[in-house]
Amino acid sequence: MWYVSTRGMAPRVDFEGALFSGYAPDGGLYMPEELPQLDRETLRQWSVVSYPSLVKELCSLFIGPELIPRDDLNDLIDRAFSRFRHKEVVHLSRLRNGLNVLELWHGVTYAFKDLSLCCAARFLQYFLEKRKKHITVVVGTSGDTGSAAIESVQGAENVDLIVLLPKGRCTKIQELQMTTVLRENVHVFGVEGNSDELDEPIKAVFADVAFVKEHNLMSLNSINWSRVLVQMAHHFFAYFRCAPALDLHPLPPVEVVVPSGAAGNLAAGFIAQKMGLPIHLVVAVNYNDIIHRTVQRGDFSLSEAVKPTLASAMDIQVPYNMERIFWLLSGSDSQVTRALMEQFERTGSVSLPKELHSKLSEAVTSQSVSDEAIIQTMGRCWEENQYLLCPHSAVAVSYHYQQADRRQPSPPRSCLAPASAAKFPEAVLAAGLTPETPAEILALEHKEARCTPMRKGDDWTRMLRGLIEDLSRQQQGRFRKAPA
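Residues numbered from 1 in each chain as written. Predicted model: local features only at pLDDT ≥ 70, side-chain atom pairs only at ≥ 80, totals over all residues. Heavy atoms only, no water.

Taking an unreviewed UniProt entry as the reference, the protein chain is identified by name as Threonine synthase-like 2 belonging to Balaenoptera musculus. Recorded in UniProt for the protein chain, the comment headed Cofactor (unreviewed entry) runs: "pyridoxal 5'-phosphate". (UniProt positions renumbered as here; feature names shortened; annotations may be inferred.)

This is the structure in structure tokens:
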């Protein structure tokens, strides 16, 4: 299995190359050169297996056995999921009025990012141990990626992790999950800016190809192929749990509602669809609605500013993974994709070509959800089910309620729930409900915290480069001291 850049100007790489690169050298994102097509029999076999087994089956299609033999792959995935609180790892809650909530948040940090990052970290460490290498991982976060990345690599000898978080713009719990991990290999910056602004120094550092190579840098943001790969399993699991029967011809459709910011889960759904999974995708966003405008009008352009909302992890203006979706829908046309993305990077505004827009609007339904609707949805779900939704999950469920109230016939529907309500007590209180906070989250309040400020007016790129250079020097010092 080979991977190519969506912009078509970089050499193809294997899974290891895509895992360690993040962005391709031409600024594009890696995608499989060919997508395996799944027949009815394969889907039938997969329909009865557990979530971890689905991840194993999917990963084995995209990671050659010459890179990770199947027994090793199975073992890495079992270890990745060993700390999840729910025995199923991912659980479908069936609630009133046909509401199905797929809980993706049973990992250590109570968010869906634990699922892909714990696997990505295992794959990384497997290759690093094999190659006797050390890397520095740089992650920008709007709330959940940082803590999931920290949990997946904290204490690892062959990985240093640098996290940039938007100070005061994620919830207190999200921030404490990052700043209270006082491990030697974890380094956290608190940035005076939003999540799009803190991505700028990261992009600037990664644009210096020689610097990236010299310091063995990589990113584990949602652009990393390994994360999209694991996230494909959400869609298969949702389908198999909600489809009425797999002996019907054609296979019955299931609607999957994806609350989205950077469009990683959405891109994973598109790929699953292309592989033959009969799902219809619905993307639900908050007030920051670039994806919604793109689907509705072909208007892929930045708003004047990111607006803070209750669904803060989705307060994103630049949904990087839309590039993968444009590439897929244009028939893997890297020329079209490159022209679109270069114009977007230059001007912040692109009008999709007519044909591409019509393919997009056929493939996905979209909706933008206000804070008021988020609060109403959280309240209604509690009233009907005594079930607390996080504000991001409420963005998806809001769509379900809107459809259910119309009483029109529709296929079974699964709403992806990316985080536990326990991480968002402020939103729960805003909805007039009582937060339920687990003991380990309450304990964060009393832990020592460590975080380096990046203030307005500081040279953030210089600060980031400086830390990376320091870590490389320390690593070389350790290497020289190591016994022969």
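Draft legend 1. Here's a closer look at the overall build of the protein chain. Each helix and strand counted, the protein chain has 20 helices and 15 strands in total. Its C-alpha atoms give the protein chain a radius of gyration of 21 Å, near enough to 23 Å, the size a compact globule of 484 residues would have. For the protein chain, the residues scored as buried account for 61% of the 484 residues in total. The contacts of the protein chain with a sequence gap of at least 6 include a subset with a gap of at least 24, amounting to 75%. Looking at the protein chain as shown, the accessible area adds up to about 19700 Å², and 49% of this sits on carbon and sulfur atoms. Charge-centre separation for the protein chain: the mean point of 50 positive side chains lies 1 Å from the mean point of 56 negative side chains. (Helix = DSSP H or I, 4+ residues; strand = E, 2+ residues; numbered from the N terminus. Rg over C-alpha atoms; globule rule 2.2 N^0.38 Å. Buried < 20%, exposed > 50% of the residue type's maximum accessible area, 1.4 Å probe, protein only. Contact = heavy atoms within 4.5 Å. Areas by Shrake-Rupley, 256 points an atom, 1.4 Å probe, with all protein chains shown as cover. Lys, Arg positive; Asp, Glu negative; His and termini not counted. Charge placed at Lys NZ, Arg CZ, Asp CG, Glu CD.)

Draft legend 2. Representation of the nonpolar core within the structure. Membership of the largest hydrophobic core comes to 117 residues, with the highest contact counts inside it found for Phe15, Tyr51, Phe81, Phe123, Trp225, Phe236 and Phe270. It is helix H10 (residues 225–242) that provides the largest number of residues to this core, a total of twelve residues. Leu388, Cys390, Tyr399 and Ala419 belong to the second largest nonpolar core, which has 34 residues in total. (Core = buried A, V, L, I, M, F, W, Y, C linked by side-chain atoms within 4.5 Å.)

Draft legend 3. Main features of helix H11 (residues 264–274). Of all the eleven residues making up H11, nine are buried; the element is thus mostly covered by neighbouring parts of the structure. All buried positions along H11 are accounted for by Gly264, Asn265, Leu266, Ala267, Ala268, Gly269, Phe270, Ile271 and Ala272. Directly beyond the C-terminal end of H11, a positive phi value near 115° is found at Gly276.

Draft legend 4. View of the UniProt feature "domain: Tryptophan synthase beta chain-like PALP" (unreviewed entry) in the protein chain. The UniProt entry lists residues 106–327 under the feature "domain: Tryptophan synthase beta chain-like PALP" (unreviewed entry), expressed in the numbering used here. The span residues 106–327 is 44% helix and 18% strand, and its two end C-alpha atoms sit 32 Å from each other.

Draft legend 5. Spotlight on the sheet that holds strand S6 (residues 159–166). Pairing in this open sheet of five strands is parallel, and the strands run S8-S5-S6-S7-S15 from one edge to the other. The two strands at the open ends of the sheet, each matched to only one other strand, are strand S8 (217–219) and strand S15 (452–454). Averaged over all pairs of adjacent strands, the angle between strand axes in this sheet comes to 25°, irrespective of strand direction. The sheet contact formed by S6 and strand S7 (residues 186–191) spans six bridges and is parallel. Within S7, the residue paired with Leu165 across the bridge is Gly190. Each of strand S5 (135–140), S6 and S7 is contacted by helix H6 (residues 145–153), which is oriented at about 165° to S6, the strand it contacts most. (Pairing = 2+ DSSP bridges. Axes fitted to C-alpha atoms, helices over the stretch in contact; angles between N-to-C directions.)

Draft legend 6. Geometry of the UniProt feature "modified residue: N6-(pyridoxal phosphate)lysine" (unreviewed entry) in the protein chain. Cross-referencing UniProt, the feature "modified residue: N6-(pyridoxal phosphate)lysine" (unreviewed entry) maps to Lys113 in the present numbering. Looking at where Lys113 falls in the secondary structure, it is placed in helix H5 (residues 113–131). Setting aside anything within four residues of it in sequence, one finds Lys113 in contact with Asp144, Thr145, Ala148 and Arg227.

Draft legend 7. View of the packing of helix H13 (residues 322–329) against helix H14 (residues 334–347). Running from amino to carboxyl end, H13 crosses H14 at an angle of 145°, the nearest separation of the two axes being 8 Å. Here H13 runs over H14; the crossing is right-handed. Facing Glu323, Phe326 and Trp327 of H13, the residues of H14 in contact are Ser334, Thr337, Leu340 and Met341. The class makeup of the residues in the contact of H13 with H14 is four nonpolar, two polar and one charged. (Left-handed = near helix turned anticlockwise from the far one by under 90°. Nonpolar A, V, L, I, M, F, W, Y, C, P; charged D, E, K, R; others polar.)

Draft legend 8. Expanded view of the packing of aromatic side chains. Inspection of every chain in the model, using the stated rule, returns 14 aromatic pairs. Between the aromatic rings of Phe15 and Phe123, the centroid separation amounts to 5.7 Å while the plane-to-plane angle is 80°, which identifies the pairing as edge-to-face. Of this pair, Phe15 sits in helix H1 (residues 15–21) while Phe123 sits in helix H5, and the two are 108 residues apart along the sequence. Phe15 sits in the buried class, given a relative accessible area of 1%. On the basis of an interplanar angle of 70° and a centroid distance of 5.8 Å, the ring pair of Tyr239 and Phe240 is categorised as edge-to-face. A cation over an aromatic ring shows up here: Arg12 above the ring of Trp2, its NZ or CZ 4.2 Å from the ring centre. A cation over an aromatic ring shows up here: Arg465 above the ring of Phe211, its NZ or CZ 4.0 Å from the ring centre. (Phe/Tyr/Trp six-rings, centres within 6.5 Å; stacked < 30°, edge-to-face > 60°. Lys NZ or Arg CZ within 6 Å of the ring centre and 35° of its normal.)

Draft legend 9. Molecular detail of unusual backbone geometry. For the bond running from His249 to Pro250, omega is -15°, close enough to zero to count as cis. Position of Pro250 relative to the elements: it lies in the loop between H10 and strand S9 (254–259). At Tyr110, a position not held by glycine, the phi torsion is positive, near 65°. Among the secondary structure elements, Tyr110 is positioned in the loop between strand S4 (100–103) and H5. In this structure, Lys132 is a non-glycine residue whose phi angle is positive, near 55°. Within the secondary structure layout, Lys132 lies in the loop between H5 and S5. Residue class for Lys132 comes out exposed when judged on its relative accessible area of 74%.

Draft legend 10. Up close: the pattern of salt bridges. Overall, the coordinates contain 23 salt bridges when judged by the stated rule. With its nearest N and O atoms 2.9 Å apart, the salt bridge here joins Arg380 to Asp405. Placement of Arg380 in helix H16 (residues 371–385) and of Asp405 in helix H17 (residues 391–406) is noted, with a sequence separation of 25 residues between them. A residue is classified by how much of its surface remains accessible, and Arg380, at 24% relative accessible area, is partly exposed. Taken together, the shared-partner salt bridges connect Arg7, Lys203, Glu323 and Glu345 into one network. (Salt bridge = Lys/Arg side-chain N within 4 Å of Asp/Glu carboxyl O.)

Draft legend 11. Examining the pairing of S4 more closely. By the alternation rule, side chains of S4 split into Asn100 and Leu102 and Val101 and Glu103, which are all buried. Two successive antiparallel strands, strand S3 (residues 91–94) and S4, enclose a turn made up of five residues, where Asn97 displays a positive phi of approximately 60°. Bridging between S4 and strand S14 (residues 413–417) involves three bridges; their strand directions are parallel. Its bridge partner being in S14, Glu103 is matched across the sheet by Ala417.

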